[in-house]
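# Chains, contacts and geometry: an overview
Listed below are the residues making up each chain.
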Amino acid sequence: MKDQYGRPLTDLRISLTDRCNLRCVYCMPEEGIDFRPPDDLVQDDELVLLVRIAADLGVRRLRLTGGEPTVRPRVVDLVRQLAAIPGIEDMAMTTNGVLLKELAAPLAAAGLQRVNISLDTLDPQKFSRITRGGHVEKVLAGLAAAEAVRLTPIKLNSVVVRGFNEDDVVPLAALTLERPWEIRFIEMMPFSSVGDFAEAAVVKSEETMAAIEGALGPLEPVDLSGSDPARTYRLPRASGTLGFISPVSQPFCAKCGRLRLTADGRLRLCLLRDDEVDLLTPLRAGASYAVLTEIFKAGAFRRPFGHALAEKMFPQARAMIQIGG
Ligand code: SAM
Ligand code: SF4
């Protein structure tokens, strides 16, 4: 399956829930998010059907996200069912890690292959401020559990936010000297739900890279090909790598082959545009497998070329937590 610009579509990101056990400043507004009633969300059997259709159309890699995917009821069983779908070769999860201490082993046994864990700082007070009340020790325990059951290679995601954690990029980057992790520094994207704040607090990758080089030495390029949204580098003699994801300063739309399914069953055609195709309503109205496949394929085909952050057109309809990154 390809879109109208010839970009191959092999990756599907699935939001398993619009809820979360944290409340990060760049992802959710302090209040005023309307969670969908559970019945409005794609149920397990419906999700398995939609992923089967996606796999028939050529999707090979799944990434489970949220909200926080680990708070979805019966997530382990769901992972087991998704892993068994013919054609699915790779399944990873993006998680805040809070529940991984308990869930890493059962998720790995159910067929999950890797995790990306979000970690913006190692400082307990700052972590609590960014996540509005979270405990960094839980994430570190989850990280250790994920490593112990080989949900590897581990990637850590850090959104860099001015006034919150721009000084933490150096201690985070220094973790790669000893650990074989990829730590990815992400430019904050200004969703309208957090728009004013986010626009002012974006730290461009260039600035993050300069801070790291100033403290820890030159960054040696590892992969700048653009096949992954992250441009990766290595510190001298480091075990792990550093990735820089720059949706604001260096958009990677030309190579973006990501499809996204929201927790309420919409195919979102671009993370940063509000253009969506409803799959759940026809599914519940009894549309056949063939008709749903056609709706999926036609929607995917008309993916837009890129986002319009540069023109200050920010997504309005959903906050990041309702899409999943
Ligand atoms: N709860 C999980 C987590 O935090 O990893 C998965 C969902 S979260 C929406 C997915 C990723 O999006 C996380 O790495 C998070 O840091 C990132 N994210 C959230 N809001 C963002 C924003 N405004 N700009 C850039 N990245 C953002
Ligand atoms: Fe929750 Fe992840 Fe959003 Fe933070 S970034 S509020 S952990 S969904």
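Presented here is an overview of the structure given in this document.

Criteria and thresholds
Residues numbered from 1 in each chain as written. Chains lettered and ligands numbered in written order. Predicted model: local features only at pLDDT ≥ 70, side-chain atom pairs only at ≥ 80, totals over all residues. Heavy atoms only, no water. Near = heavy atom within 4 Å. Polar contact = N/O pair within 3.5 Å; in protein donor to acceptor, adjacent residues only side chain to side chain. Areas by Shrake-Rupley, 256 points an atom, 1.4 Å probe, with all protein chains shown as cover. Helix = DSSP H or I, 4+ residues; strand = E, 2+ residues; numbered from the N terminus. Nonpolar A, V, L, I, M, F, W, Y, C, P; charged D, E, K, R; others polar. Buried < 20%, exposed > 50% of the residue type's maximum accessible area, 1.4 Å probe, protein only. Contact = heavy atoms within 4.5 Å. Pairing = 2+ DSSP bridges. Axes fitted to C-alpha atoms, helices over the stretch in contact; angles between N-to-C directions. Arc of directions from axis to C-beta. Parallel < 35°, antiparallel > 145°, perpendicular 65-115°, else oblique. Left-handed = near helix turned anticlockwise from the far one by under 90°.

Let us look at the site of ligand 1. Ligand 1 sits among 18 residues. The nearest are Tyr-26, Gly-67, Glu-68, Ser-118 and Met-189. Between ligand 1 and Thr-95 there is a distance of 3.3 Å, counted from an oxygen atom to a backbone nitrogen or oxygen. Take Asn-157: an N or O atom from its side chain is 3.2 Å from an oxygen atom of ligand 1. When ligand 1 sits alone it has 550 Å² of accessible area, and the protein chains cover 94% of it. Looking at the shell around ligand 1, the elements that each hand over two or more residues are β3 (90–95), β5 (155–160) and β6 (182–187). In the shell around ligand 1, the residues fall into seven nonpolar, nine polar and two charged.

This part covers the site of ligand 2. Taken together, the residues surrounding ligand 2 are Cys-20, Leu-22, Arg-23, Cys-24, Cys-27, Met-28, Gly-67, Asn-96 and Ile-321. By residue class, the composition of the shell around ligand 2 is six nonpolar, two polar and one charged.

The next point concerns the side chain of Asp-44. For Asp-44, the location among the structural elements is in helix α1 (residues 44–56). Under the relative-accessibility criterion, Asp-44 is labelled buried at 12%. If sequence neighbours within four positions are ignored, Asp-44 has contacts with Arg-72, Arg-74 and Leu-78.

In a beta sheet, neighbouring strands are held together by backbone hydrogen bonds and run either parallel or antiparallel to one another. Strand order in the open sheet formed by 12 strands is β7-β8-β9-β6-β5-β4-β3-β2-β1-β10-β11-β12, with mixed pairing between adjacent strands. The strands lining the two open edges of the sheet, one partner per strand, are β7 (220–223) and β12 (276–278). Between one strand and the next, the sheet's axes are offset by a mean angle of 25 degrees, whatever the strand orientation. Pairing geometry for strand β10 (residues 258–261) and strand β11 (residues 266–268), over two bridges, is antiparallel. Counterpart to Leu-261 in the pairing with β11 is Leu-267. Each of β5, β6, β8 (230–234) and β9 (241–245) is contacted by helix α8 (residues 205–216), which is oriented at about 155 degrees to β9, the strand it contacts most.

Quick reminder: α-helices carry 3.6 residues per turn. Residues three or four places apart thus point the same way. Among the residues of helix α2 (residues 75–83), Val-75, Val-76, Leu-78, Val-79 and Leu-82 are the ones counted as buried. For α2, the angular spread of the buried residues around the axis is 160 degrees, confining them to a single face. Of the surrounding secondary structure, the elements contacted by the buried residues of α2 are α1, β2 (61–65), β3 and α3 (100–110).

Moving on, we get to the packing of α3 against helix α5 (residues 136–148). At their nearest, the axes of α3 and α5 sit 8 Å apart, and the two run at 20 degrees to each other. Classified by the interaxial angle, the pair formed by α3 and α5 is roughly parallel. Taken as a pair, α3 and α5 cross one another with a handedness that is right-handed. Of α5, the residues touching α3 (which contributes Leu-100, Lys-101 and Ala-104) are Ala-141, Gly-142, Ala-145 and Ala-146.

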